[in-house]
Amino acid sequence: MTDLRELLGVRPGHLRLASIDTRSTPGVPDRRAVNDDPKAWSREQVGKIGADLAAYQEKLYASAKEGATDRRVLLVLQAMDCGGKDGTVRNVIGSMNPAGLKAVGFGPPTAEERRHDFLWRIRRALPPSGYVGIFNRSHYEDVLVVRVHQLIPESEWAKRYDIINAFEQELADDGLTMVKVMLHISREEQRERLLARLDDPTKRWKYNPGDLTERARWQDYQQAYEDALNRCSTPAAPWYVVPADRKWYRNWAVATLLRQALADIDPRYPKADFDVAAERQRVLTAP
Ligand code: AMP
Ligand code: MG
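Residues numbered from 1 in each chain as written. Chains lettered and ligands numbered in written order. Predicted model: local features only at pLDDT ≥ 70, side-chain atom pairs only at ≥ 80, totals over all residues. Heavy atoms only, no water.

Novice: Would you mind showing me how to read the overall build of the protein chain here?
Specialist: What the protein chain contains, in helices and strands, is 14 helices and five strands. Rg of the C-alpha trace for the protein chain: 21 Å, near the compact-globule value of 19 Å for 287 residues, within the 12% margin. Seen through its principal axes, the protein chain has C-alpha atoms that stretch 75 × 55 × 40 Å. Buried residues in the protein chain amount to 47% of all 287 residues. Once local pairs closer than 6 in sequence are excluded, the contacts in the protein chain between residues at least 24 apart make up 81%. Charge-centre separation for the protein chain: the mean point of 44 positive side chains lies 3 Å from the mean point of 41 negative side chains. (Helix = DSSP H or I, 4+ residues; strand = E, 2+ residues; numbered from the N terminus. Rg over C-alpha atoms; globule rule 2.2 N^0.38 Å. Buried < 20%, exposed > 50% of the residue type's maximum accessible area, 1.4 Å probe, protein only. Contact = heavy atoms within 4.5 Å. Lys, Arg positive; Asp, Glu negative; His and termini not counted. Charge placed at Lys NZ, Arg CZ, Asp CG, Glu CD.)

So this is what it looks like as structure tokens:
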């Protein structure tokens, strides 16, 4: 099977979002099985991958006991509104043990957060050693929404790409594996999902009238995304673009990328730092 990282990874300077078909499904292994019933295929595959994720996660967690390792994983999810970040978290992360997960969403900075530099709240939200972290939005908002709406002058946000690269290199050196994913949907798909949010009372809470203001700036956002991904896809922390109009593909692709990251770390259960046979005897003879 082709390495999904090759297919979806952003080569710095080469990404053109408009040339990616948001309905495409690169890397899907068994076309025939998929064509029959893609959703069923995906559910089954994501279930299997989820079991692997849970097994890796437990080993990672165990291996970090008493500070034995600084390894940890961080899944960064970015997307336009309705891009499927929440659904991805639910479907892909759902199999893992909540005790070893740290999921954080980022909205507009609070008054306190605005008193610090833009990475302050990010540093505080990082997963500890042995954890799998998930960022629903991230420091990339500080070169996306902030740039599109000119919330700070260009001279300020323009510096942030290098600052982000240095920050992410520092994290990589510190044992953190980042999997940065842009869920890439089309403008038409966004309209469908906005309508679904209005038509389905159980989805209405996710609708925000302000989403239309952002939608009106679609092209500006695409440009801001393209620049951010072209400038901040680095060997230490590469970006992946996942075509995300088809939810079944999106779930499978993100789960697969995350599994590859954990497989690379190859976490192992720690060796006992006590005499197992002697302890066994003690348990047997203890009252
Ligand atoms: P949601 O993901 O639907 O909860 O929306 C979160 C909102 O917070 C989005 O409109 C983001 O653009 C906004 N947001 C996230 N980070 C920032 C930031 N650093 N500065 C301004 N707005 C932000
Ligand atoms: Mg929203």
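Novice: Is there a simple way to think about the pairing of strand β3 (residues 132-136) in this case?
Specialist: Consecutive residues of a regular strand have side chains that alternate between opposite faces of the sheet. Burial analysis of β3 places five of its five residues in the buried class, the great majority of the element. Going residue by residue along β3, you find Val132, Ile134 and Asn136 tucked away on one face and Gly133 and Phe135 tucked away on the opposite face as well. Sheet topology places strand β2 (residues 101-105) next to β3; five bridges connect them, and they run parallel. Opposite Ala103, over in β3, you have Ile134 as the bridge partner. (Pairing = 2+ DSSP bridges.)

Novice: Explain the site of ligand 1 to me, please; I cannot follow it from the model alone.
Specialist: Every residue lining ligand 1 is accounted for by Phe106, Gly107, Pro108, Pro109, Arg121, Arg137, Glu141, Asp142, Val145 and Val146. With respect to ligand 1, the backbone of Gly107 contributes an N or O atom lying 3.2 Å from a nitrogen atom. A distance of 3.1 Å separates a nitrogen atom of ligand 1 from a polar side-chain atom of Arg121. Bound to the protein, ligand 1 loses 67% of the 500 Å² it would expose on its own. Per-class residue counts for the shell around ligand 1 are five nonpolar, one polar and four charged. (Near = heavy atom within 4 Å. Polar contact = N/O pair within 3.5 Å; in protein donor to acceptor, adjacent residues only side chain to side chain. Areas by Shrake-Rupley, 256 points an atom, 1.4 Å probe, with all protein chains shown as cover. Nonpolar A, V, L, I, M, F, W, Y, C, P; charged D, E, K, R; others polar.)

Novice: How should the nonpolar core be read in this particular structure?
Specialist: Most often, soluble globular proteins keep nonpolar side chains buried together rather than apart. By size, the foremost hydrophobic cluster in this structure holds 73 residues, and its most contacted members are Phe135, Val181, Leu229, Val242, Tyr249, Trp252 and Leu258. Tallying contributions element by element places helix α13 (residues 247-265) first for this core, with 11 residues. Apart from the residues lying within four places of it in its own chain, the contact partners of Leu258 are Leu53, Val73, Leu75, Val92, Ile93, Met96 and Val179. (Core = buried A, V, L, I, M, F, W, Y, C linked by side-chain atoms within 4.5 Å.)

Novice: Got a minute to help me understand unusual backbone geometry in this structure?
Specialist: For residues other than glycine, phi is negative in most cases, and the peptide bonds are mostly trans. With phi around 70 degrees, Arg137 is a residue other than glycine that occupies positive phi space. Looking at the element boundaries, Arg137 is found in the loop between β3 and α7 (145-148). Residue class for Arg137 comes out partly exposed when judged on its relative accessible area of 22%. Not every positive phi belongs to a glycine, and Gln150 is a case in point at roughly 50 degrees.

Novice: For this particular structure, what's the right way to read the layout of surface pockets?
Specialist: Approximately 210 Å³ is the volume found for the second largest pocket. Residue lining of the second largest pocket: 15 residues in total, with Arg5, Thr177, Met178, Ala261 and Asp264 positioned closest to the centre. Counting only elements with at least two residues in the lining of the second largest pocket, the list comes to β4 (176-184) and α13. Of the residues belonging to the lining of the second largest pocket, the class tally is 11 nonpolar, one polar and three charged. (1 Å grid on protein atoms, 1.4 Å probe; cavity = no way out; pocket = protein on both sides within 12 Å on 5 of 7 lines; lining within 4 Å. Points joined across faces, edges and corners; volume = space filled by probe spheres on them.)

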